[in-house]
Amino acid sequence: MLDLALFGFVMAFFAIGLRRPFLWVLAYCYIDILAPQKIGWSITSALPISLIAFCAAFAGWLLTDSKKDVRFTFRQFLLAVLLLYCFWTTKTADFPVEALEKWDWVWKALVFAIFLPVTLTTRLRIEGTALVMVLTAGAIIISAGMKTALGGGGYASLYFFVNDNAGMYESSTLATVAIAIIPLIVWFTRHGTVFPPDWRVKTFGYALIFACLLIPVGTEARTGLLCIAALAVVSLRDVKRRFTFLAAGAALGLMALPFLPQSYYERMSTIGSHDQDQSASTRVAVWQWTFDYAAQNPFGGGFDAYRGNSFTYKLPVLVEQGNTTAIEYKDVVDKARAYHSAIFEMLGEQGWPGLALWLWIHALGLWQMERIRRRWRGRTGATEQWQAPLASALQVGQIIYLLGSLFQGIAYQPFVLMLIGLQIGLWSYCKRLDSQVREARRVRRPQVAPTSSGDAVAAGAGALR
């Protein structure tokens, strides 16, 4: 029955797109985030619905959309350069077969991120895309949040719609995304137009925020706790009563402590002691290996180049000797360990040029959103009150992702690349509005030319007075 319902919903999405082709863009966002073909087990999984939506989105734009307001920005150019560079490193990869498997989904995510902004020409389209992204991720988050609230969860034991430790269904990735979308949820409770922000929308939004905060608890992902702290710190710049905000946050945190499982405390306690945690010690060793590898291979080794690593490191172990506890060091040999960091993922796979491109893309996004936030913050009018808050929400979400990516190999995460596409679309939209306002002011400015030299002198004298 679930498979039939999923199949019917996707087909309805495709059918409505025949009348409004932009909905095919939203259909691809929904399919790429939720992966219903993995949830279903017969009809849905039998059809290449992701490929169908991908092709339909491009075809609908090419055949029906007006190209009048299309802008190809510098940030899209950087994404295109990164795409071509990844294609080259895939051809010369250390592990060609494994590299092709990763390239199979990375190129689609990059191409869609380049394509998405050209379709976001109106506020409704920008808001609709953000809404689909939030609600689709929210479907996974609500399910996991309910399991956590009912006593389920635990490290590597919180099950989602699918038993697949990849993409949005990887626990640390979901924890990062769950915290990153909280500013967007808040934006919808204040500025949304698809669902006007009445008491029902606000109730659902606050409940979804609560579910988002439960994800780091249910997954026991240490990255999630860091992301919550980052959200609290960055949010201080937009709140009016900062002391009240901090006091309320501290009170809520203290109230939640008795309800947290003991396993959560034990897991979080390892954040500050990486030298006694095997997982963290392995990451540090991998990062050291990757840096040395990039020194010898400055252009990277292609996707999954980590498969060639091999290293030995010393892990401190607490050993009880009678009534005392001593620390002994044992040699641990490991190989083919993943990067566990987007920074080192880019460095190992794409080398220094790829890492520079990736950092440039994200730094430019933070700068652009800050410019929109500052330039549109003081404007008045019903049509000029949502741009700055949306830019701020997208910027905070990106900051949270960047923090979480320091400890996860999610450099090409499709959800985040969609977020980048959304930022580019908002940037182009605001630039277009600015140019229209300047043009309107230029047209309205009176152009009165003096009729004679005497009139010119009189006009100049009047101006001096």
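You'll find the protein entered in an unreviewed UniProt entry as Putative O-glycosylation ligase, exosortase A system-associated, with Pelagerythrobacter aerophilus given as the organism. The protein has a UniProt comment under Subcellular location (unreviewed entry) that states "Membrane".

Novice: Looking at this structure, I do not really get the overall build of the protein. What am I missing?
Specialist: What the protein contains, in helices and strands, is 19 helices and 2 strands. Put simply, the protein has 465 residues, and 49% of those count as buried. Of all intrachain contacts in the protein linking residues separated by at least 6 positions in sequence, the fraction that spans at least 24 positions is 76%. For the protein, the exposed area adds up to about 23400 Å²; of that, 64% sits on carbon and sulfur atoms.

Novice: Sorry, what's going on with the packing of aromatic side chains here?
Specialist: The relative placement of two aromatic rings is captured by the distance of their centres and the angle of their planes. The full count for this structure, using the stated rule, is 25 aromatic pairs. Ring geometry for phenylalanine 9 versus phenylalanine 13: centroids 5.7 Å apart, planes at 75°, classification edge-to-face. Of this pair, phenylalanine 9 and phenylalanine 13 both sit in helix α1 (residues 2-16), separated by 4 residues, roughly a single helical turn. Note on phenylalanine 291 and tryptophan 352: the rings are 6.1 Å apart at their centroids and 90° apart in plane angle, and the pair reads as edge-to-face. Residue phenylalanine 291 is found in helix α15 (residues 278-296), and its partner tryptophan 352 is found in helix α16 (residues 342-376); the two are separated by 61 residues along the sequence. Classification of phenylalanine 291 by relative accessible area gives partly exposed; the value is 45%. Members of the aromatic cluster, joined through ring pairs, are Tyr28, Phe54, Phe58, Trp61, Trp107, Phe112 and Phe115. Residue placement shows lysine 67 over the ring face of tryptophan 61; its charged tip is 5.0 Å from the ring centre.

Novice: Please explain the environment of phenylalanine 77 as it appears in this structure.
Specialist: Mapped onto the secondary structure, phenylalanine 77 falls in helix α6 (residues 74-91). Residue phenylalanine 77 is classed as partly exposed on the basis of its relative accessible area, which comes to 42%. For the pair phenylalanine 77 and isoleucine 114, spaced 37 residues apart in sequence, the C-alpha separation works out to 8.1 Å.

Novice: What's the story with unusual backbone geometry in this structure? I'm lost.
Specialist: The phi torsion at alanine 336 lies on the positive side, around 50°, for a residue other than glycine. Within the fold, alanine 336 resides in the loop between β2 (324-335) and α16. For histidine 340, which is not glycine, the phi torsion reads 55° and is therefore positive. Structurally, histidine 340 can be placed in the loop between β2 and α16.

Novice: What is the right way to look at the side chain of glutamate 345 in this model?
Specialist: Here glutamate 345 is to be found in helix α16. Among the polar contacts listed, one links the side chain of glutamate 345 to the backbone nitrogen of isoleucine 410, at a separation of 3.3 Å. When neighbours within four sequence positions are excluded, glutamate 345 is seen to be in contact with Lys102, Tyr339, Gln350, Gly409, Ile410, Ala411 and Tyr412.

Novice: Whenever I open this one, the packing of helix α9 (residues 171-180) against helix α11 (residues 199-219) confuses me. Can you help?
Specialist: Working note: a packed helix pair is described by the angle between its axes plus the distance between those axes. Two numbers describe how α9 lies on α11: the axes approach to 8 Å, and their chain directions differ by 160°. The angle between α9 and α11 falls in the class roughly antiparallel. Every pair of crossing elements has a handedness; the one defined by α9 and α11 is left-handed. Residues Ser171, Leu174, Ala175, Ala178 and Ile179 of α9 form the contact with α11, whose own contacting residues are Cys212, Leu213, Ile215, Pro216 and Thr219. Here the residues of the contact of α9 with α11 sort into 8 nonpolar, 2 polar and no charged.

Novice: Mind showing me how you'd approach the nonpolar core here?
Specialist: One recurring pattern in soluble globular proteins is that nonpolar side chains are buried together. Judged by nonpolar contacts, the single largest core of 127 residues is most densely connected at Phe112, Ile141, Ile181 and Leu426. Ignoring sequence-local partners within four residues, the contact set of isoleucine 181 consists of Val134, Ala137, Ile141, Cys212 and Phe415.

Conventions we followed
- Once a new chain begins, its residue numbering starts again from 1 and follows that chain's sequence as written.
- Per-residue local features are limited, in this predicted model, to residues with pLDDT of at least 70; the limit for side-chain atom pairs, both in listing and counting, is 80 or more; totals at the level of whole chains, interfaces and linings are taken over all residues.
- Processing note: side-chain calculations cover all non-hydrogen atoms of the structure and skip hydrogens and water entirely.
- UniProt positions are given in the numbering used here, feature names are shortened, and annotations may be inferred rather than shown by experiment.
- Secondary structure elements follow DSSP: runs of H or I no shorter than four residues count as helices, runs of E no shorter than two count as strands, and numbering proceeds from the N terminus.
- The rule is simple: take the accessible area with a 1.4 Å probe, protein chains only, and divide by the maximum for that residue type; under 20% is buried, over 50% is exposed, in between is partly exposed.
- In what follows, a contact means two residues having at least one pair of non-hydrogen atoms within 4.5 Å.
- Method for areas: the Shrake-Rupley scheme with a 1.4 Å probe, in which residue coverage is limited to the protein chains shown.
- A pair of Phe, Tyr and Trp rings is counted when the ring centres sit within 6.5 Å of each other, with Trp represented by its six-membered ring. The angle between the planes then sorts it: under 30 degrees is stacked, over 60 is edge-to-face, the rest tilted.
- Charge-over-ring contacts are defined here by two conditions on Lys NZ or Arg CZ: a distance within 6 Å of the ring centre and an angle within 35 degrees of the ring normal.
- In protein, a polar contact means a hydrogen-donor-capable atom and an acceptor-capable atom, both N or O and within 3.5 Å, with residues adjacent in sequence counting only if both atoms are side-chain atoms; elsewhere, any N or O pair within 3.5 Å suffices.
- Helix axes are fitted to C-alpha atoms over the stretch in contact, other axes to C-alpha atoms as well, and angles between N-to-C directions run from 0 to 180 degrees.
- Should an angle fall under 35 degrees it is taken as roughly parallel, and over 145 as roughly antiparallel, whereas 65 to 115 is taken as roughly perpendicular and any remaining angle as oblique.
- Take the far helix as your reference; a near helix turned counterclockwise from it by less than a right angle gives a left-handed crossing, and one turned clockwise gives a right-handed crossing.
- Three classes are used: nonpolar for Ala, Val, Leu, Ile, Met, Phe, Trp, Tyr, Cys and Pro, charged for Asp, Glu, Lys and Arg, and polar for all others, with Gly counted as polar.
- The nonpolar core is taken to be a set of buried Ala, Val, Leu, Ile, Met, Phe, Trp, Tyr and Cys residues, with the residues joined through side-chain atoms within 4.5 Å.

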